[in-house]
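Close look at the chain arrangement
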Amino acid sequence: MANMSLHKVEMKEQDPKIRNQNFEEVALGYTKEEALEEASRCLDCKQRFCVAGCPVNVPIPEFIQAVLDEDFLRAYEIIMSENSLPAVCGRVCPQENQCENKCIRGKKGQPVAIGRLERFVADYVMENYPDKIDKVESNGIKVAVVGSGPAGIACAGELAKKGYDVTIFEALHELGGVLIYGIPEFRLPKDIVRKEIKKVTDLGVKVRKNVVVGRSITIDELIEEGFEAIFIGSGAGLPIFMNIEGENLNGVYSANEFLTRANLMKAYLPDSRTPLIVGQKVAVVGGGNVAMDAARTAKRMGAKEVYIIYRRGEEELPARLEEVHHAKEEGIIFKLLTNPTEILGEDGWVKAIKCIEMELGEADESGRRRPQPKPASEHVLDMDTVIIAIGQTPNPLLRQTTKGLDTHDWGGIIVHEDTMETSKEKVYAGGDAVTGAATVILAMGAGKKAAIAIDKEFTR
Amino acid sequence: MYEIIDKKVLNSAVELMVVRAPFVARRCEPGQFIILRVDEEGERVPFTIADFNREDETVTIIYQIVGHTTEVLSSMKVGDKLCDFVGPLGKASELKKEERVLGIAGGLGAAPLYPQIRKLREMGVECDIIIGSRSEEFIILEESFRGLGCNISIATDDGSKGVKGFVTDILKDKINQGIKYDSVIAIGPLIMMKAVVDITKPLNIPTTVSLNPIMVDGTGMCGGCRVSVGDETKFACVDGPEFNGLLVDFDEVINRQGIYKKEEEHMCKIGLGGK
Ligand SMILES: Cc1cc2nc3c(=O)[nH]c(=O)nc-3n(C[C@H](O)[C@H](O)[C@H](O)COP(=O)(O)OP(=O)(O)OC[C@H]3O[C@@H](n4cnc5c(N)ncnc54)[C@H](O)[C@@H]3O)c2cc1C
Ligand SMILES: Cc1cc2nc3c(=O)[nH]c(=O)nc-3n(C[C@H](O)[C@H](O)[C@H](O)COP(=O)(O)OP(=O)(O)OC[C@H]3O[C@@H](n4cnc5c(N)ncnc54)[C@H](O)[C@@H]3O)c2cc1C
Ligand code: SF4
Ligand code: SF4
Ligand code: FES
């Protein structure tokens, strides 16, 4: 008989007052006992609603049953059959909108904590079983993957498992894309990202870091060099600015710069070579996951007051609920229905931010109510630092340097939805480079879909 | 890893380093740059490509020792390896076949200027060069420019070589003498480039400058290198580093370059700087 508790087994977290001063992981994970208890809430449904909610169709009831049998290695293999980065997804997937949103237990009470269980299995296996790799015999077909974010890693892993000779080309000095340079340590420890990616590259994937495709080598040159298919997973890394007065003052960062300095360049460690000036009062403009990460990072780096400034209301905040909740617990101050109109400076540095209050009007095409400025509501808030986190679009470099690669006006690469093929022969694309900023698991799903399409091309 | 193939001391503050970097060497063009990290804990630091050899797959950089990274570079030997070396980054210079071009180099600016002038000479363009520097000791590449058959003038702060004064003094002279330049390429300290543009702008002489704002990734991802050119915001690492000098907001670039002045000095003081 299943455990009929209406609530998920709680996952322990660091105390908010302590954790907002360190970069250690906030959520501490399940113990084996907690995992077994939570797993016993699953009804092992015939009609697998949960699986349909997962963009990569992880066989959820099957892995949870393996957990119940305490056969964690089998549980891991079941997950890995569809998802090559379970420790990452278990931590950062927006489960509440995906697998858990569809779980039958969620109709009355809370759904099964699928994400937490996935995380438990991945962590447990990484900790208790030495790397075991089944290398596949090579079929000699060369495939190039551009970018090593979740999309590129998923595509490379899937193809390597099928015997392809895969080479990843990455512009930065580390693999992982946003997982390494964007999402902070306290939400996704870099050690875990590295270990999980290593499991994929250990399948025999070649890695070329420090190569900017489009500059160091072009897509056409890759084809000339004998790569028979190319997957572009270059992400959406171009930061959007607001185009308001004062945006180029010292002390104004894009969230990308702020987080890259903190994460990739390790400015969060006291002896890092890369400086990051945080100041006492920090305004983060935007309401998504990126804004929450920037705000919580600023707090940890010593800022006294950190504000989220967002032009719509609480309901409209695009960030995951859990992240908003964590940010509030850590003392982040939310100034909602507020929009910056100007950044004021003194001697070349940020001094204050001028804002206007907003109210919500009619719903627009997207169904969200459109914010409008309230007359005569301008006010000035003193600040040392302003971080702009209002979105990213795909980097134009590949579009500019690749003939025959069609893109939308906003920069996204146009693909055939079933195969991820682009307008250019032999070239596929997926992830944020195609959709604009989205999620880790959608990017992985796209990478995998492209790998399957590439394999079909060569096996028919 | 990227092996150091050769190294030369050019003067007490400036060194030249040749590095094997196949991916950079085979496609780089004058005007582009690289970003390197000396070791796993290093910062990402940009340097202009001063020369390259496609056959040997090598790239030459010339650097001035000003802080931690350049000090570590200075302590490294032939055969040592750099941890990361990425490029070519930025856009190649847009060099046109014109009648007569004036190249102005301030200090280290001679390094990025040289491959451009070499290419212009190959295209048959007449080139005059003005080199400015603190004193005779800090003049670099004079012989190399001479080897290209350029007409060279020199200005030093202390008068130890050439005219005592600034490159702009020579520039004014040349203009007063009635020499007509189709365009000017000015590379050096921001203050110098700004002073050059102050002279060429009223005369409407097309002037290209090379900006070196603080960078992180060099791929257009962070926006830290943004500069205002005309009424547009440009990212120097992908849209530059060269821009139409007549449109650049130099005061903003100068202000932004000072962001980490205090931090860099502090790191030196607490011992993180020089070892
Ligand atoms: C701060 C932040 C927090 C987030 N939080 C979450 C979250 O909690 N949950 C969630 O699901 N999603 C989250 N996301 C979104 C998620 O990270 C992205 O949707 C996902 O990483 C996209 O994967 P990708 O592989 O398409 O691209 P990226 O992860 O962006 O990877 C692209 C890679 O390609 C490289 N590259 C780019 N151009 C070139 C080139 N020309 N040559 C070679 N290499 C190149 C880049 O350097 C990068 O490594 C967050 C994003 C950010 C920025
Ligand atoms: C596109 C580009 C091309 C460049 N080409 C060259 C080159 O060919 N040779 C060369 O010697 N330098 C070049 N630079 C400048 C070089 O990157 C900096 O001098 C670098 O910061 C030195 O690193 P460091 O760790 O030794 O000194 P740091 O400790 O980083 O800095 C020492 C001092 O230099 C100042 N500084 C920091 N960054 C810069 C910068 N970007 N420009 C000017 N001053 C800075 C600091 O404020 C500090 O006072 C280039 C910069 C750019 C953006
Ligand atoms: S990958 Fe994400 S959506 Fe799929 S089961 Fe795991 S947590 Fe849920
Ligand atoms: S829907 Fe929920 S209860 Fe049913 S199998 Fe999936 S996780 Fe288990
Ligand atoms: S250095 Fe990051 S965008 Fe130019």
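No experiment lies behind these values; they were computed from the predicted model shown. (Residues numbered from 1 in each chain as written. Chains lettered and ligands numbered in written order. Predicted model: local features only at pLDDT ≥ 70, side-chain atom pairs only at ≥ 80, totals over all residues. Heavy atoms only, no water.)

Attention now goes to the packing of aromatic side chains. Residue and element names in this part refer to chain A. Tallying each qualifying case throughout the model produces 13 aromatic pairs over all chains. Their ring planes at 50° and their centres at 6.0 Å tell us that Phe23 and Phe186 sit as a pair that is tilted. Of the two residues, Phe23 sits in the loop between helix 1 (16–19) and helix 2 (32–39) while Phe186 sits in the loop between helix 10 (178–181) and helix 11 (190–201), which places them 163 residues apart along the sequence. Take Phe23 and Phe186: they sit in the same class, and that class is buried. Centre to centre, the rings of Phe120 and Tyr124 are 5.5 Å apart; their planes meet at 40°, and the pair counts as tilted. Placement of both Phe120 and Tyr124 in helix 8 (residues 114–128) is noted, with a separation of four residues, approximately one turn of the helix. The class for Tyr124 is partly exposed, based on a relative accessible area of 22%. Put simply, the rings of Phe23, Phe186 and Tyr268 touch in pairs and so form one group of aromatic residues. The residue whose ring lies beneath Arg300 is Phe186, and the NZ or CZ to ring-centre distance is 3.7 Å. (Phe/Tyr/Trp six-rings, centres within 6.5 Å; stacked < 30°, edge-to-face > 60°. Helix = DSSP H or I, 4+ residues; strand = E, 2+ residues; numbered from the N terminus. Buried < 20%, exposed > 50% of the residue type's maximum accessible area, 1.4 Å probe, protein only. Lys NZ or Arg CZ within 6 Å of the ring centre and 35° of its normal.)

It is worth spelling out the site of ligand 4 at this point. In the vicinity of ligand 4, the residues found are Cys42(A), Leu43(A), Asp44(A), Cys45(A), Cys50(A), Pro61(A), Cys103(A), Ile104(A), Arg105(A) and Ile114(A). In this structure, ligand 4 is accommodated by the largest cavity. (Near = heavy atom within 4 Å. 1 Å grid on protein atoms, 1.4 Å probe; cavity = no way out; pocket = protein on both sides within 12 Å on 5 of 7 lines; lining within 4 Å. Sits in = over half its atoms within 2 Å of the grid points.)

All names here are of chain A. With domains assigned, chain A is organised as domain 1 (16–128), domain 2 (142–237 + 393–459) and domain 3 (241–390). Between domain 2 and domain 3, the C-alpha centre-to-centre distance is 30 Å. On the side of domain 3, 12 residues touch domain 2, which itself brings 12 residues to the contact. A combined buried area of about 1100 Å² lies between domain 2 and domain 3, and 55% of that area is made up of carbon and sulfur atoms. For the domain 2 face of the interface with domain 3, the top three residues by lost area are Tyr181, Phe186 and Arg187, together amounting to 49%. Where domain 2 meets domain 3, there are two salt bridges. Notably, a salt bridge pairs Glu323 with Arg187, separated by 3.5 Å at the nearest N-O pair. Along the contact surface separating domain 2 from domain 3 lie four residue pairs in polar contact (both at pLDDT 80 or more). In terms of residue class, the side of domain 2 that touches domain 3 is built from six nonpolar, three polar and three charged. (Domains from an automatic or database assignment. Contact = heavy atoms within 4.5 Å. Buried area = accessible area lost by both parts, 1.4 Å probe. Salt bridge = Lys/Arg side-chain N within 4 Å of Asp/Glu carboxyl O. Polar contact = N/O pair within 3.5 Å; in protein donor to acceptor, adjacent residues only side chain to side chain. Nonpolar A, V, L, I, M, F, W, Y, C, P; charged D, E, K, R; others polar.)

We now examine the sheet that holds strand 10 (residues 126–133) of chain B. Residue and element names in this part refer to chain B. Pairing in this open sheet of seven strands is mixed, and the strands run 12-11-10-9-13-14-17 from one edge to the other. On the outer flanks of this sheet lie strand 12 (163–164) and strand 17 (242–244), each paired with one strand and no other. Direction of pairing for strand 13 (residues 183–187) relative to strand 14 (residues 207–210): parallel, over a ladder of three bridges. In the strand pairing of strand 14, Val184 is matched with Thr207. (Pairing = 2+ DSSP bridges.)

In this section: the nonpolar core. Residues Ile60(A), Phe63(A), Leu222(A), Ile230(A) and Ile232(A) are the most contacted members of the largest nonpolar core, which totals 105 residues. Not counting residues up to four positions away in its chain, the partners in contact with Ile230(A) are Ala144(A), Val146(A), Ile219(A), Leu222(A), Ile223(A), Lys426(A), Val427(A) and Tyr428(A). (Core = buried A, V, L, I, M, F, W, Y, C linked by side-chain atoms within 4.5 Å.)

Moving on, we come to the interface of chain A and chain B. Listed by partner, the interface residues are 45 residues for chain A and 45 residues for chain B. Where chain A abuts chain B, roughly 3700 Å² becomes buried across the two surfaces, and 52% of that area is made up of carbon and sulfur atoms. The tally of links between chain A and chain B comes to two salt bridges. Of the charged contacts, one joins Arg26(B) and Glu225(A) as a salt bridge, the two residues approaching to 3.0 Å between their closest N and O atoms.

Looking now at the environment of His7(A). Residue and element names in this part refer to chain A. Summarising the element assignment, His7 is placed in the segment before helix 1. Sequence separation between His7 and Val112 is 105 residues; the distance between their C-alpha atoms is 8.4 Å. Residue contacts for His7: discarding those within four places in its chain leaves Glu38, Arg41 and Gln110.

The next point concerns the pattern of salt bridges. Residue and element names in this part refer to chain B. Scanning all chains against the criterion turns up 48 salt bridges over all chains. Residues Glu15 and Lys7 are paired through a salt bridge, measuring 3.5 Å at the closest nitrogen-oxygen approach. Relative accessible area serves as the criterion here: at 7%, Glu15 is assigned to the buried category. Lys7 gets classed as partly exposed once you look at its relative accessible area, which sits at 21%. For Glu29, the salt bridge identified is with Arg54, shortest N-O distance 3.3 Å.

Turning our eyes to something else, we now look at the domain arrangement of chain B. Residues and elements named next belong to chain B. Its domain assignment divides chain B into domain 1 (2–89) and domain 2 (100–257). Here the C-alpha centre of domain 2 lies 22 Å away from the C-alpha centre of domain 1. Buried surface at the junction of domain 1 and domain 2, both sides included, amounts to about 1600 Å², of which 62% is carbon and sulfur. Area buried by domain 1 at its contact with domain 2 is led by Asn11, Pro30 and Phe33, which between them contribute 25% of it. Where domain 1 meets domain 2, there are two salt bridges. In this structure, the salt-bridge partner of Glu29 is Lys119, at a minimum N-O distance of 3.3 Å. Our enumeration of links across domain 1 and domain 2 arrives at six residue pairs in polar contact (both at pLDDT 80 or more). A total of three residues in the side of domain 1 that touches domain 2 trace back to one element, the largest contributor, which is strand 6 (residues 58–64). Its residues assigned to classes, the side of domain 1 that touches domain 2 shows 13 nonpolar, five polar and three charged.

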